[in-house]
Amino acid sequence: MERLPYILVIAGWAYVTLGHLLPEVLGPRLVARSRPVAWFAVAVHVFALALGAATSPHPTGLPEALSATALGLGIAYAWLAHRNLAALGMLLAPLTLVLIGTALVVPHRSVVALEETGYSPWLPIHLGLIFSGIAGFAVSSIVGVMFLWVRARLKQKKLRGLARLPSLDVLDRFQFRAMLFGFIFLTLGIGAGGAWAAASLSDPWALDPKIIFTLCIWAWYGMALQVRLVSGRRGRWTALFSIVGFGGLLFSLVGLNFILSGWHAYGG
């Protein structure tokens, strides 16, 4: 990964994070510029990923996976900053910053399947869809955390500061939409990956642990949507489904590829 553009990205998200967590340090005038700074960080981030894909001999690996996830969260933040969900920035901005910082320090490991297939036009399609889905699930889980926190404060009748936050109904609706967005894109990403595997791998139907685990996550979110749409379970149920599901996605993204072998395992 090219380091210089990412330094600018980290500086931008550090600014945005500081504006949310310690607004008195920046002052109201500088805090008001958080959204333009976020869009600047997103633009530089897109440039950095494109530069890495064009110049690196190993364009796809764990750092790029974490970086792409952070980019999705950054775009979500910049989009939400002008809406009544701007308070979510206090969770989205720090998580984006942590993911980018982690991407810069973890060792580079390429996916094993690329050693057999090499670069393919299917690769950016597959990864773009998958990481768009992950970003949607990340936003859904963050909204779920805020939903549970606001709900607990209301039950305890601790109302101080809640007037600046969205209502439970708004949080519930947006959480559902983010989960549905993630599910659609994950489904399309799995389909694109399957088409790529069928066209490129010598044994595309061999069982891969990452695929099995991802299909389990897909089924989990599908069940969550069904529970909401068919049985009418909303609010707390959707929040818990979303938080647990995103925890499984993080384990799949960061941990599973190192523990088990298969196409998606990280090699050298």
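Before reading on, note that the structure itself is shown above.
To start, this report covers the structure provided alongside it.

The rules behind these values
Throughout, residues of each chain are indexed from 1 in the direction in which the sequence is written. With the structure being a predicted model, the display of local features is reserved for residues of pLDDT at least 70 and the display and counting of side-chain atom pairs for 80 or more, all residues being used for whole-chain, interface and lining totals. Hydrogens are left out, water is left out, and the side-chain values use all remaining heavy atoms of the structure. In DSSP terms, a helix is any run of H or I states spanning at least four residues, a strand is any run of E spanning at least two, and both are numbered starting from the N terminus. Only heavy atoms enter the contact rule, under which two residues are in contact if any of them lie within 4.5 Å. A 1.4 Å probe and the Shrake-Rupley method give the accessible areas. Residues count as covered only by the protein chains that appear here. Each patch is assembled from residues with relative accessible area greater than 30% and no salt bridge, linking like charges that lie within 9 Å and nonpolar side chains (Val, Leu, Ile, Met, Phe, Trp, Tyr) that lie within 5 Å. By definition here, a salt bridge exists when the distance from a side-chain nitrogen of Lys or Arg to a carboxyl oxygen of Asp or Glu is within 4 Å. Burial classes follow relative accessibility: with a 1.4 Å probe on protein chains only, a residue under 20% of its type's maximum area counts as buried, one over 50% as exposed, and anything between as partly exposed. Working rule for helices: expected span equals 1.5 Å times residues minus one. Here the axes come from fitting lines to C-alpha atoms, over the contacting stretch only for helices, and the angles between their N-to-C directions go from 0 to 180 degrees. Here is the rule for angles: anything less than 35 degrees is roughly parallel, anything more than 145 is roughly antiparallel, 65 through 115 is roughly perpendicular, and the remaining ranges are oblique. By definition, any crossing whose near helix is turned counterclockwise from its far helix by less than a right angle is left-handed, and any crossing with a clockwise turn is right-handed. Stacked, tilted and edge-to-face are the three classes assigned to paired rings of Phe, Tyr and Trp, where Trp is represented by its six-membered ring and a pair needs centres within 6.5 Å; plane angles under 30 degrees give stacked, over 60 edge-to-face, the rest tilted. Throughout, the ten residues Ala, Val, Leu, Ile, Met, Phe, Trp, Tyr, Cys and Pro are labelled nonpolar, Asp, Glu, Lys and Arg are labelled charged, and all others, Gly among them, are labelled polar. By nonpolar core we mean a set of buried residues, namely Ala, Val, Leu, Ile, Met, Phe, Trp, Tyr and Cys, connected to one another through side-chain atoms within 4.5 Å. Note that the domain bounds reflect an automated or database-derived domain assignment.

Digging into the overall build of the protein chain
Across its full length, the protein chain carries eleven helices and zero strands. In the protein chain, the share of contacts with a sequence separation of at least 24, taken over all contacts with a separation of at least 6, comes to 82%. Looking at the protein chain as shown, the accessible area adds up to about 13300 Å², and 70% of this sits on carbon and sulfur atoms.

Let's talk about a nonpolar patch on the surface
Where nonpolar side chains cluster on the molecular surface, the patch consists of Leu21, Leu22, Val25, Met90, Leu91 and Val145 and spans about 470 Å² of accessible area. Considering the arrangement of structural elements, one finds Leu22 in the loop between α1 (3–21) and α2 (23–26). By relative accessible area, which is 38% here, Leu22 ends up partly exposed.

Topic: helix α6 (residues 89–105)
The end-to-end C-alpha separation of α6 is 24 Å, in line with the 24 Å expected for 17 residues at 1.5 Å each. Every buried residue of α6 is accounted for by Gly89, Leu92, Ala93, Pro94, Thr96, Leu99, Ile100, Ala103 and Leu104.

A closer look at the pattern of salt bridges
In the structure shown here, the tally under the stated rule is two salt bridges. Here Asp169 makes a salt bridge to Arg173, at a shortest N to O gap of 2.3 Å. Taken together, the residues Asp169 and Arg173, both in helix α9 (residues 168–200) and four residues apart, mark about one turn of the helix. Note on Asp169: relative accessible area 40%, which makes it partly exposed. Classification of Arg173 by relative accessible area gives partly exposed; the value is 34%.

Section: the environment of Ile243
Among the structural elements, Ile243 can be located in helix α11 (residues 236–259). C-alpha of Ile243 to C-alpha of Val145: the two residues are 98 residues apart in sequence and 7.3 Å apart in space. When residues no more than four places from it in sequence are discounted, the contact partners of Ile243 are Ser141, Gly144, Val145 and Leu148.

Digging into the packing of α1 against helix α4 (residues 34–55)
In helix packing, the relevant descriptors are the interaxial angle and the interaxial distance, both defined with respect to the helix axes. In contact at an axis separation of 9 Å, α1 and α4 are set at 155° when each is read in the N-to-C sense. As summarised for this structure, α1 and α4 are arranged roughly antiparallel, according to the angle between their axes. Handedness of the α1/α4 crossing: left-handed. The residues of α4 that touch α1, namely those facing Pro5, Tyr6, Leu8, Val9, Gly12, Trp13, Tyr15 and Val16, are Ser34, Val37, Ala38, Ala41, Val42, Val44, His45, Phe47, Ala48 and Leu49.

Points about the packing of aromatic side chains
In the structure shown here, the tally under the stated rule is six aromatic pairs. Ring geometry for Phe183 versus Trp218: centroids 5.4 Å apart, planes at 20°, classification stacked. Residue Phe183 is located in helix α9, and its partner Trp218 is located in helix α10 (residues 209–229); the two are separated by 35 residues in the primary sequence. Measuring from centroid to centroid gives 5.6 Å for Phe213 and Phe251, while their planes differ by 65°, and the two rings are edge-to-face. Residue Phe213 is located in helix α10, and its partner Phe251 is located in helix α11; the two are separated by 38 residues in the primary sequence.

Considering the environment of Tyr221
Relative to the helices and strands, Tyr221 resides in helix α10. Sequence separation between Tyr221 and Val244 is 23 residues; the distance between their C-alpha atoms is 9.8 Å.

Structural notes on α4
The first and last C-alpha atoms of α4 sit 31 Å apart over 22 residues, in line with the 32 Å expected at 1.5 Å per residue. Among all positions of α4, only Ser34, Ala38, Ala41, Val42, Val44, His45, Ala48 and Gly52 are buried.

Focus on the packing of α1 against α6
Across the interface, α1 lies against α6 with an axial gap of 9 Å and an inter-helix angle of 155°. Relative to α6, α1 is oriented roughly antiparallel. Handedness of the α1/α6 crossing: left-handed. For the pair α1 and α6, the contacting residues are Arg3, Tyr6, Val9, Ile10, Trp13, Ala14, Val16, Thr17, His20 and Leu21 in the first and Gly89, Met90, Ala93, Pro94, Thr96, Leu97, Ile100, Gly101 and Leu104 in the second. The residue makeup of the contact of α1 with α6, split by class, is 13 nonpolar, five polar and one charged.

Notes on the nonpolar core
In terms of nonpolar packing, the biggest core is built from 55 residues, with Trp13, Leu88, Leu92, Phe137, Val139, Tyr221 and Phe246 touching the most fellow members. Sorting the residues of this core by element identifies α1, α4, α5 (62–80), α6, α8 (122–155), α9, α10 and α11 as the ones contributing at least two each. Considering every element that reaches this core, the biggest residue donor is α8, with eleven residues. A domain-level breakdown of this core finds at least three residues from each of domain 1 (1–108) and domain 2 (114–268). Sequence-distant contacts of Val139, that is, excluding residues within four places in its chain, are made with Leu73, Ala76, Leu92, Phe174 and Ala178.

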